[in-house]
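Geometric and topological summary
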Amino acid sequence: MARKPKQGGRGTPATVALEHAAVPFTVHAYAHDPAAASYGGEAAEALGVPAERVFKTLVADVDGVLTVGVVPVSGQLDLKALAAAVGGKRAVMADPAAAERSSGYVLGGISPLGQRRPLRTVVDDSALAHPTVYVSAGRRGLEVELSPADLVALTRAGTAPIGR
């Protein structure tokens with residue numbers, strides 16, 4: 001997998017982080033439709049990739065601590081499983097404004113990579129079954145493809161069955 005040159009500018013914080021880490025990745029752009037019901041589903045369809053290889057980044061509040069769950073767009077985040085994976089008791093979805101403030105990204109474009117304030121992260125263990133996975137590159141209509149091992153290493157994530 002080769003690095004794909006970005007179009008103008010220095011890229012997003014996610015692509016800058018990937019370049020800095022010198023890991024192989026590919027950027028995939030598509031025309032985002034603001035009326036799309038699901039950002040992740042839209043990405044999978046637009047890129048012609050099975051939905052189980054495209055992962056969404058969700059920010060939850062686990063016992064008062066913002067925590068990232070990365071799960072396939074074909075399913076949902078299991079909040080109880082996320083809490084258990086980080087040794088917590090209770091998880092709820094984070095306030096959208098808090099998620100945006102913490103990550104530095106807008107909803108629908110939150111990447112697990114290059115976040116303003118790195119958060120505790122758990123990647124659904126189904127990612128490990130694929131040679132590469134897709135996650136947001138930091139804005140709607142832009143995905144980055146990389147190995148799940150690199151995703152886990154760069155986000156200092158744990159892996160657990162947190163999707164359903």
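These numbers come from a predicted model, not from an experiment.

The rules behind these values
Residues numbered from 1 in each chain as written. Predicted model: local features only at pLDDT ≥ 70, side-chain atom pairs only at ≥ 80, totals over all residues. Heavy atoms only, no water. Buried < 20%, exposed > 50% of the residue type's maximum accessible area, 1.4 Å probe, protein only. Helix = DSSP H or I, 4+ residues; strand = E, 2+ residues; numbered from the N terminus. Pairing = 2+ DSSP bridges. Axes fitted to C-alpha atoms, helices over the stretch in contact; angles between N-to-C directions. Contact = heavy atoms within 4.5 Å.

Our next topic: the pairing of strand S7 (residues 142-146). The element S7 is largely enclosed, with a buried count of five among its five residues. Burial of S7 is two-sided: the residues Leu142, Val144 and Leu146 facing one way and the residues Glu143 and Glu145 facing the other way are all buried. Strand direction decides the pairing type here: strand S1 (residues 26-29) and S7, joined by four bridges, are antiparallel. Among the inter-strand pairings, Val27 is bridged to a residue of S7, identified as Val144. With five bridges joining them, strand S6 (residues 133-139) and S7 adopt antiparallel strand pairing.

Here Ala22, not a glycine, exhibits a phi torsion of approximately 55 degrees, which is positive. Structurally, Ala22 is set in the loop between helix H1 (13-21) and S1. A positive phi is found at Asp63, a non-glycine position, where the angle reads about 50 degrees. Looking at where Asp63 falls in the secondary structure, it is placed in the loop between strand S2 (55-62) and strand S3 (65-72).

Looking now at the pairing of S2. In this sheet, S3 lies alongside S2 in antiparallel orientation, the contact comprising eight bridges. Residue Phe55 lies in a different strand from S3, and its bridge partner there is Pro72. Between S2 and the antiparallel strand that follows it, S3, lie two residues; Asp63 among them carries a positive phi value of about 50 degrees. With three bridges joining them, S2 and strand S4 (residues 91-93) adopt antiparallel strand pairing. Bridging across to S4, Val62 finds its partner in Ala91.

Our focus in this paragraph is the sheet that holds S7. Sheet architecture is open: three strands sit in the order S1-S7-S6, paired in antiparallel fashion. One side of each edge strand has no neighbouring strand; the edge strands of this open sheet are S1 and S6. Across the sheet, the axes of successive neighbouring strands diverge by a mean angle of 35 degrees, strand direction being ignored. Helix-sheet contacts for H1 involve S1, S6 and S7, and the interaxial angle to S6 is about 120 degrees.

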